[in-house]
Amino acid sequence: GAVVSQHPSWVICKSGTSVKIECRSLDFQATTMFWYRQFPKQSLMLMATSNEGSKATYEQGVEKDKFLINHASLTLSTLTVTSAHPEDSSFYICSATSLAGTSEQYFGPGTRLTVT
Amino acid sequence: GENVEQHPSTLSVQEGDSAVIKCTYSDSASNYFPWYKQELGKGPQLIIDIRSNVGEKKDQRIAVTLNKTAKHFSLHITETQPEDSAVYFCAARVTGGFKTIFGAGTRLFVKA
């Protein structure tokens, strides 16, 4: 089946620093990648949708200057949390859909970010 | 926009019993309804899905039903096992796009 990886799986950073999370589709080309945020015991909240080679579409309330998304290729999207603060601590999950155009979304394993 | 409600939030069953999780959606244009299982510290994993042109789908111990008229869809797990313990999310796909709206999740506990 289609596999999506994320790196790192967990990261701890200090307030004010930036951290980059990578999302890769390992065995398929992803036309669209999604970034979600999940707080403990809560559902997934869509942050943004990105298509290869174009600017990401952010959901209402998500700061595009704080959460920078780059989708440089059909297999890689990155999320950079800039000037991180403790309230940015969360579980970040990416997902991808394939070029084949099926409806299935394949999720990555998630990245746990802790900002101290 | 689309809104997905999921019940119950927590479900505890004895091993071997059945578990049923119910969801409702608001946008009649939604036509794809996946179910995900999420284990602690991991990303969601698709376990079964159903499209709007189908009323029921089964895969071994897991089945999903869809009532388009009532905008209800349900997940049924039979002969539950301890490894079924996880959080389950229903979702609905908005037609014309890839935006998937998730329910709040159901935490399933299967007691041995």
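Residues numbered from 1 in each chain as written. Chains lettered and ligands numbered in written order. Predicted model: local features only at pLDDT ≥ 70, side-chain atom pairs only at ≥ 80, totals over all residues. Heavy atoms only, no water.

**Remarks on the nonpolar core**
Applied cut-off: For this analysis, a nonpolar core means a set of buried residues of the types Ala, Val, Leu, Ile, Met, Phe, Trp, Tyr and Cys, connected via side-chain atoms within 4.5 Å. Using a 1.4 Å probe on the protein chains alone, a residue whose accessible area is under 20% of its type maximum counts as buried, one over 50% counts as exposed, and one in between counts as partly exposed. Helix and strand assignments come from DSSP, with helices taken as H or I runs of at least 4 residues and strands as E runs of at least 2, each series counted from the N terminus.
Ranked by internal contacts, the top residues of the largest apolar core, which has 25 residues, are Trp35(A), Tyr58(A), Phe67(A), Ile69(A), Leu79(A), Tyr92(A) and Leu113(A). Listed by contribution, the elements that provide at least two residues to this core are β2 (10-13), β3 (19-25), β4 (30-38), β5 (44-51), β7 (67-73), β8 (76-81), β9 (90-98) and β11 (111-115) of chain A. Counting residues in each nonpolar core, the second largest holds 24 residues, with Leu11(B), Phe33(B), Ile50(B) and Tyr88(B) among its members.

**Looking at the sheet that holds strand β6 (residues 56-59) of chain B**
Residue and element names in this part refer to chain B. Operational definition: In this analysis, strands are considered paired if DSSP registers two or more bridges between them. Fitting a line to C-alpha atoms yields each axis, with helices limited to the stretch in contact; the angle taken between N-to-C directions then spans 0 to 180 degrees.
With antiparallel pairing, the five strands of this open sheet are ordered in space as β1-β3-β8-β7-β6. For this open sheet the edge positions go to β1 (4-7) and β6, each flanked by a neighbour on one side alone. Along the sheet, successive strands turn relative to each other by an average axial angle of 15°, direction set aside.

**A closer look at the interface of chain B and chain A**
Heads up, the condition is: Contact between two residues is taken to exist if any of their heavy atoms lie within 4.5 Å; hydrogens are not considered. Joining two parts hides part of their accessible area as seen by a 1.4 Å probe, and the buried area is that hidden amount summed over both. We count a salt bridge whenever a side-chain nitrogen from Lys or Arg sits within 4 Å of a carboxyl oxygen from Asp or Glu. Two N or O atoms count as a polar contact when they lie within 3.5 Å, although within protein this holds only if one can serve as hydrogen donor and the other as acceptor, and sequence-adjacent residues are included solely when both atoms are side-chain atoms. Following the grouping adopted for this structure description, the nonpolar residues are Ala, Val, Leu, Ile, Met, Phe, Trp, Tyr, Cys and Pro, the charged ones are Asp, Glu, Lys and Arg, and the polar ones are all others, Gly among them.
Taken together, the contacts link 19 residues of chain B with 20 residues of chain A. For the pair chain B and chain A, the two sides together bury roughly 1500 Å², of which 54% comes from carbon and sulfur. There are one salt bridge connecting chain B and chain A. Note that Arg51(B) and Glu104(A) form a salt bridge whose closest N and O atoms lie 3.5 Å from each other. Scanning the region where chain B abuts chain A turns up six residue pairs in polar contact (both at pLDDT 80 or more). Those elements that provide at least two residues to the side of chain B that touches chain A are β4 (32-38), β5 (45-51), β9 (86-93) and β10 (100-102) of chain B. Here the residues of the side of chain B that touches chain A sort into eight nonpolar, five polar and six charged.

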